[in-house]
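One-letter residues, chain by chain:
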Amino acid sequence: MADQKLPTRAEDFSEWYNQLVTRAELADYAPVRGCMIVRPYGWALWENITAQLDRRFKATGHVNAAFPMLIPRSFIDKEKSHVAGFSPELAVVTHGGGEELEEPLVIRPTSETIIGWAYSKWIQSYRDLPVLINQWNSVVRWELRTKLFLRTLEFFWQEGHTAHATQEEAEAETRQMLDTYTDFAMKEAAVPVIPGKKSDAERFAGADRTYSIEAMMGDGKALQAGTSHNLGQNFAKAFEIKYLDKTGVQEFCWTTSWGLSTRFVGAIIMVHGDDQGLIFPPRLAPFQLVIVPIYKTDEEKASVMECARRLRAELVDADIRVKLDEREGSSPGFKFNDWEMRGVPLRMELGPKDVAKNSVVLARRDRPGKEGKTFVDQHGIAGAVSALLVEIQQALFDRALAFRKANTHEPADYAEFKQAVEKGFAFSWWCGNADCEANIKEETKATMRCIPLEQPGGSGKCIHCGQPATEKAIFAKAY
RNA sequence: CGGGGCGUAGCGCAGCCUGGUAGCGCGCCUGCCUUGGGCGCAGGAGGUCCGCGGUUCAAAUCCGCGCGCCCCGACCA
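Residues numbered from 1 in each chain as written. Chains lettered and ligands numbered in written order. Predicted model: local features only at pLDDT ≥ 70, side-chain atom pairs only at ≥ 80, totals over all residues. Heavy atoms only, no water.

Contacts to RNA strand B come from 36 residues, most closely from Arg145, Arg151, Gln224, Ser331 and Asp354. Counting only atoms of RNA strand B within 4 Å of the protein, the sugar-phosphate share comes to 45%. A distance of 3.3 Å separates a base oxygen of RNA strand B from a polar atom in the backbone of Pro352. Secondary-structure elements contributing two or more residues to the surface near RNA strand B are α10 (332-341), β19 (346-350) and α11 (352-357). (Near = heavy atom within 4 Å. Polar contact = N/O pair within 3.5 Å; in protein donor to acceptor, adjacent residues only side chain to side chain. Helix = DSSP H or I, 4+ residues; strand = E, 2+ residues; numbered from the N terminus.)

Right, dumping it as structure tokens:
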């Protein structure tokens, strides 16, 4: 690391992000352009994300499975909007075992097709429904412009794929999973999100309806943090996923798919991070608390370390994720900065004075400097730490929500609209016309992020064309 | 794919214009000293100067052709 200080977010948000990701050792660049190595610290965060999501999936009746990475090229061609959407970004395998393949294989960009193929075999009767399967895997899309976590050629995610007997059930599933993502984002990641419906232009290739959760990053731009698709009968028809209903009639299934990816790591970085570095929400942080021991002499070291290990054991017993920084040769000051950059929500400073007084210093990551430091008695430390972690989690959410509100505007006219999307979200009436949407994108670079499920009601005039409108939409520049 | 920039130690860069012993900062290693907010001192290791070709007595430097990366535009979880 050449410089010790990061660029500030105001100076260069993009560079702040890039340096932070590599310096905090979340990820590194791979030898292939656009690919990412997720390092242990970044993967630990992702594991905590997956654990919380997986728990929710299981609680709603889903089961995990694994489908192959290689898909016959012809599968992609079976659903016409799907092929149109994905063809440009497919990685194709043409050779195997030294021979040219008879039929090229694509590396999955998503698994609707191969899962559709499987479902058509497995589903015969209404008694087989619903099928509720999820898989944790990675997929490949040949993106042109990449950025660690936010857009890489290969990314890690989960993709849920379900099949249902009726349209209503499929829609309910689609919405249930959108709610699941919303709940996860708000409660676990402390990321306030806006659940809503995508426009036709932004819809998934092959879906009837696409929903997403949208979050505002620290620079005011939007990030789609998760999506849920009602695929109607499009894939059922392409892959002949059919069942016999109670009356003995053959019907096509109604299917859904939904995904959340390592992109979410980028969201956590850009929502909570400050000029010092990362700030992880306690519920997902790889380390919730770091202990920095302070000592001069060998005697001091012995007593401080003994105390540190005792406190660590107590905290671990209380299921708190603790890191004891035992590195020799780095000063406490260095460690303070290092762990702040790495986003650990709470730091315990433990020196000879603290050992003597049976107390510790706890420093909150979300409140820099003296303001965030408190002296806490060693007795009952686990309770005190747990309580603080809960407070920090809430404070992060509150701060992110306040930021989003402060940077979300309801412009009165198109001139104000243009200003609004320069630095945040515009929440505006939209007539629903794709031409208006395209013109807005052309003229302002802002896209329609979603039509929030939560609507004010009533009606108004489209922010662009002035025609009557019944829905308000979020417009913003997006990642 | 179009426009712009850049490839020199792990990272960030200087040197190139005007050809002549490959340098600086940070990091790394060893030792001493320090440690309550990014310690200090001394010594040390580390190079295909992106690749190939050309010009020249001599190329990191000049010329040509490749390759790669970054930024900006069209596409995107």
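The sheet built from 11 strands is open, its strands ordered β3-β7-β8-β14-β11-β10-β9-β24-β27-β23-β22 with mixed pairing. Pairing within the sheet leaves two strands with one partner each, and these edge strands are β3 (63-64) and β22 (408-409). Direction of pairing for strand β8 (residues 154-164) relative to strand β14 (residues 254-261): antiparallel, over a ladder of 8 bridges. Bridge pairing in β14 places Trp157 opposite Ser261. Along the sheet, helix α13 (residues 414-423) makes contact with β22, β23 (425-430) and β27 (471-476), crossing β23 at roughly 140 degrees. (Pairing = 2+ DSSP bridges. Contact = heavy atoms within 4.5 Å. Axes fitted to C-alpha atoms, helices over the stretch in contact; angles between N-to-C directions.)

The next thing to look at is the packing of helix α1 (residues 13-23) against helix α8 (residues 263-272). Across the interface, α1 lies against α8 with an axial gap of 11 Å and an inter-helix angle of 120 degrees. Taken as axis vectors, α1 and α8 run oblique relative to one another. The hand of the α1/α8 crossing is right-handed. Within the contact between the two elements, α1 uses Phe13, Trp16, Tyr17, Leu20 and Val21 and α8 uses Gly266, Ile269 and Met270. Here the contact of α1 with α8 is built from residues that sort into 7 nonpolar, 1 polar and no charged. (Parallel < 35°, antiparallel > 145°, perpendicular 65-115°, else oblique. Left-handed = near helix turned anticlockwise from the far one by under 90°. Nonpolar A, V, L, I, M, F, W, Y, C, P; charged D, E, K, R; others polar.)

Turning next to the pattern of salt bridges. In the structure shown here, the tally under the stated rule is 29 salt bridges. Ionic pairing is found between Arg203 and Asp200, a salt bridge with its closest N-O pair at 3.2 Å. Across the salt bridge formed by Glu306 and Arg310, the nearest N and O atoms sit 4.0 Å from each other. In this pair, Glu306 and Arg310 are both assigned in helix α9 (residues 298-317), 4 residues apart and thus about one turn of the helix distant. Here the salt bridges share partners, and the residues they tie into one network are Glu25, Arg39, Asp325, Arg327, Lys335, Asp338 and Arg342. (Salt bridge = Lys/Arg side-chain N within 4 Å of Asp/Glu carboxyl O.)

In this section: the confidence of the model for chain A. Scored by pLDDT, chain A has a mean of 93; 99% of the residues are at 70 or more. Listed scores for the predicted complex are pTM 0.95 and ipTM 0.84. (pLDDT = per-residue confidence, 0-100.)

Another aspect to go through is the environment of Cys436. Take Cys436: it is sitting in helix α14 (residues 434-444). Each C-alpha atom of the pair Cys436 and Ile463 lies 9.1 Å from the other, and the pair is 27 residues apart in sequence. Leaving out residues up to four positions away in the same chain, Cys436 has contacts with Trp430, Cys431, Cys462, His464 and Cys465.

To continue, consider the pairing of β8. The two faces of a sheet get side chains in turn, since along a regular strand they alternate between them. Counting buried residues in β8 gives 9 out of 11 residues, a clear majority hidden from the surface. Bridging between strand β7 (residues 131-140) and β8 involves 10 bridges; their strand directions are antiparallel. Along β8, the bridge assignment pairs Asn137 with Trp157. (Buried < 20%, exposed > 50% of the residue type's maximum accessible area, 1.4 Å probe, protein only.)

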